[in-house]
Amino acid sequence: MAYEHASAPSNIFERRESRVRSYCRAFPAVFRSARGAELIAEDGARYIDFLAGCSTLNYGHNHPELKRALLDYIEADGVAHGLDMHTRAKARFLETFERRILKPRGMDYRVLFPGPTGANAVEAALKTARKVTGRTNVIAFTNGFHGMTLGALAATGNSGKRGGAGVPLTGVTHEAYDGYFGEETDTADQLDRRLSDPSSGLDKPAAIIVETVQGEGGLNVASDAWLRKIEKIARKHGALFIIDDIQAGIGRTGGFFSFEKAGVTPDIVTLAKSLSGLGLPMALTLIRPQHDQWKPGEHNGTFRGNNHAFVTAAKALDLFWSDDAFEKETAQKAARLRAGLEKIAASAPFAGRLKGRGMMSGIEMESGEIATEICAACFANGLIIETSGSRDEVVKVLAPLTISDEQLDAGLEILADAVRAVNARQQKSAA
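So, how was this worked out
Residues numbered from 1 in each chain as written. Predicted model: local features only at pLDDT ≥ 70, side-chain atom pairs only at ≥ 80, totals over all residues. Heavy atoms only, no water. Helix = DSSP H or I, 4+ residues; strand = E, 2+ residues; numbered from the N terminus. Rg over C-alpha atoms; globule rule 2.2 N^0.38 Å. Buried < 20%, exposed > 50% of the residue type's maximum accessible area, 1.4 Å probe, protein only. Areas by Shrake-Rupley, 256 points an atom, 1.4 Å probe, with all protein chains shown as cover. Lys, Arg positive; Asp, Glu negative; His and termini not counted. Charge placed at Lys NZ, Arg CZ, Asp CG, Glu CD. Expected span 1.5 Å × (residues − 1). 1 Å grid on protein atoms, 1.4 Å probe; cavity = no way out; pocket = protein on both sides within 12 Å on 5 of 7 lines; lining within 4 Å. Points joined across faces, edges and corners; volume = space filled by probe spheres on them. Nonpolar A, V, L, I, M, F, W, Y, C, P; charged D, E, K, R; others polar. Pairing = 2+ DSSP bridges. Contact = heavy atoms within 4.5 Å. Axes fitted to C-alpha atoms, helices over the stretch in contact; angles between N-to-C directions. Core = buried A, V, L, I, M, F, W, Y, C linked by side-chain atoms within 4.5 Å. Salt bridge = Lys/Arg side-chain N within 4 Å of Asp/Glu carboxyl O. Polar contact = N/O pair within 3.5 Å; in protein donor to acceptor, adjacent residues only side chain to side chain.

1. Comments concerning the overall build of the chain
Right, on to step 1. The helix and strand tally for the chain stands at 14 helices and 17 strands.
Right, on to step 2. A compact globule built from 431 residues would reach a C-alpha radius of gyration of about 22 Å, and the chain, at 22 Å, matches this within 12%.
Right, on to step 3. Projected onto its principal axes, the C-alpha positions of the chain cover 65 × 60 × 45 Å.
Right, on to step 4. Taken across its 431 residues, the chain has 53% of its residues classed as buried.
Right, on to step 5. Per element, the accessible surface of the chain, about 19,100 Å² overall, is 50% carbon and sulfur.
Right, on to step 6. Here the chain contributes 52 positively and 53 negatively charged side chains, and the mean placements of these two sets differ by 3 Å.

Structure, rendered in C-alpha cells:
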C-alpha cells in the first residue's frame, strides 16, 4: 500500500514509534473503540471498516459472544500462557476444530502451533517440507506474499518488502502465477516443463507454495483447474504442496478454506489472521500426518500457547461453522459487494476490471497514484480501505464478513463518491 500522501500528527507516535509504521500514515487518526464493522476515533469521527485488520477481523470488531467467552475465561483465572503444555483451552480448541472443520470435510491433519503470526506458520511449513524431502529449494509465485521473516520473505515477490531484508534471500525460485502472461499461456504447463527438463537449471523443490487468491499481490485468483495442475506437478516431482490460506481463508473467499471447491488436498496449510476470531495472535500449520516428522522441541517458540486465542477461536468455530448458514450469508454479501463494485468500475475511465473472489474483491485502477488518491478520499469521508498490487493499483475491499447490508452499501457509496471526485478532478485538470 502507498502511504506517502499522508503524514501522522506530531505526537507521541511520531516522537517514539519507528519510522517503519505504515497504516497510520494512510489513516492518520487515533482510534479509541470499535464494534462490528465500525471504528471510532478520539474526536468522535466514525469510520466504516473495509480493511478489518487486513482480514484479521472476519467476524468484525469485538463480537459480543467472543468477547464474553474471553472475559469469562479470564475471570475464572484460566491459563493465559502455557508454552505448548496441555491446557483445557487448547484441548477444547483442538476438539472443536476437529469436529467443526476437519471431520465434516474429510480432512486429516496434525496441528502444529508455530507461534502467533502468519509468518511463523509459513516458516514452519517451509522447514517441514525441507525436513521431509531433504531438499532446499522452494517454488513460490510472482506477486506472492508470505510474510516478513527471512524464510517467508524469500518466498515473497514484492521488491519493496524484499529490500528490507538486508541479506540475500535464497532457497526460493519464483515462477509465474496463473494468468501472469495472459489467459493464453498455461503457466502450470511451463512449470512442469521446467521441472521435467534436467537442463532447465531449476532445482527439484522441497515444496510448492501458493495462495489461491493473492491478497497483497493484487487480488489475482488462481483457477481451480490451475490449482489441481500445480498439485499434480508437486506430486509428480516429489515436492510438498503448500497452500497459504492466511488471508484468503476462514470464510473470506468461500468455505472455511479457500481451496475447498478446487478439489485439492494440500500437504500443508497455513492459517492465521481471523483464526482467533477476536484479533488475538494465533496461527496454525496443518500438516498431513505422514509429514509430521518433527522431534520434540525441534521447532519451538515461546508464544505458541496463547490460551486466550484458543478460547475465542473455539467459540468462533461453534458460532459460525456449526452449519452452512454463515457460509451462505457470506456468499450473499459477496454477490452484493461484487454488484456494487461493478457499478463503480463502470463510472470512471481509469477504473478497470474487478479482481479477487468473494469478500476479498476490488477494482484495478489505471495507476497506483489514482488508487491511493481514491483511498485517501474515502478516509476523509469515513471509510477505511487500502490498496494492493505490485504498484498499489488495486482498491481492495476486506470488509468484515458480518457487516450489515446497510453498512456495506454505505461504504460502497463512499467509495463511489471518491471515484467520482477523483474523476472530476482529472477531467478538470485535463481541460
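2. Some points on helix H13 (residues 368–380)
Right, on to step 1. Along its 13 residues, H13 runs 18 Å from first to last C-alpha, staying within 8% of the 18 Å computed at 1.5 Å per residue.
Right, on to step 2. The complete set of buried residues in H13 reads Gly368, Ile370, Ala371, Thr372, Ile374, Cys375, Ala377, Cys378 and Phe379.
Right, on to step 3. One or two steps after H13, the chain reaches glycine 382, where phi turns positive at roughly 95°.

3. Topic: empty space enclosed by the protein
Right, on to step 1. All told, the structure shown has one cavity of 30 Å³ or more when counted by the stated rule.
Right, on to step 2. In terms of lining, the largest cavity is formed by Phe113, Pro114, Gly115, Pro116, Pro281, Met282, Ala283, Phe303, Arg304, Asn306, Ala309 and Phe310.
Right, on to step 3. Of the residues contributing to the lining of the largest cavity, the split by class is nine nonpolar, two polar and one charged.

4. Thoughts on the layout of surface pockets
Right, on to step 1. Estimates place the volume of the largest pocket at around 1,200 Å³.
Right, on to step 2. There is about 520 Å³ of room inside the second largest pocket.
Right, on to step 3. Lining the second largest pocket are 23 residues, with Asp178, Gly179, Asn220, Arg353 and Lys355 positioned closest to its centre.
Right, on to step 4. When contributions to the lining of the second largest pocket are tallied by element, the ones reaching two or more residues are strand E9 (220–221) and strand E13 (351–357).
Right, on to step 5. Broken down by element, the lining of the second largest pocket gets its largest block of residues, four residues, from E13.
Right, on to step 6. The residue makeup of the lining of the second largest pocket, split by class, is six nonpolar, 10 polar and seven charged.

5. Quick notes on the pairing of strand E1 (residues 31–35)
Right, on to step 1. With four bridges connecting them, E1 and strand E2 (residues 38–41) associate as antiparallel partners. In the strand pairing of E2, phenylalanine 31 is matched with alanine 41.
Right, on to step 2. Counted along the chain from E1 to the antiparallel partner E2, the turn is two residues long, and its residue glycine 36 has a positive phi close to 60°.

6. Quick look at the sheet that holds E2
Right, on to step 1. Strand order in the open sheet made by the four strands is E1-E2-E3-E15, with mixed pairing throughout. The open sheet is flanked by E1 and strand E15 (383–384), the only strands paired with a single partner.
Right, on to step 2. With two bridges connecting them, strand E3 (residues 46–49) and E15 associate as parallel partners. Residue pairing in the sheet places isoleucine 48 in a bridge with leucine 383 of E15.
Right, on to step 3. Packing against the sheet, helix H14 (residues 405–430) makes contact with E2, E3 and E15, and its axis sits at approximately 100° to E3.

7. Some remarks on the nonpolar core
Right, on to step 1. Counting 90 residues, the largest nonpolar core has Phe97 and Ile374 as the members making the most contacts within it.
Right, on to step 2. Excluding residues within four positions of it along the chain, phenylalanine 97 makes contact with Leu102, Val111, Phe256, Phe257, Leu271, Leu284, Leu286 and Leu317.
Right, on to step 3. Ranked by size, the runner-up nonpolar core spans 23 residues in total, among them Ala165, Ala206, Ile209 and Ile242.

8. A look at the pattern of salt bridges
Right, on to step 1. The tally for this structure, following the rule as stated, stands at 27 salt bridges.
Right, on to step 2. Its salt-bridge partner being arginine 46, residue glutamate 38 comes within 2.9 Å of it at the nearest N-O pair.
Right, on to step 3. Through salt bridges with shared partners, a single network forms among Arg92, Arg99, Arg100 and Asp318.

9. Quick notes on the side chain of histidine 146
Right, on to step 1. One can find histidine 146 in the loop between strand E5 (138–141) and helix H7 (150–154).
Right, on to step 2. Among the polar contacts listed, one links the side chain of histidine 146 to the side chain of aspartate 244, at a separation of 2.8 Å.
Right, on to step 3. Beyond its immediate sequence surroundings of up to four residues, histidine 146 is in contact with Ala119, Val122, Ala152, Ala155, Thr156, Ile209, Glu211 and Asp244.

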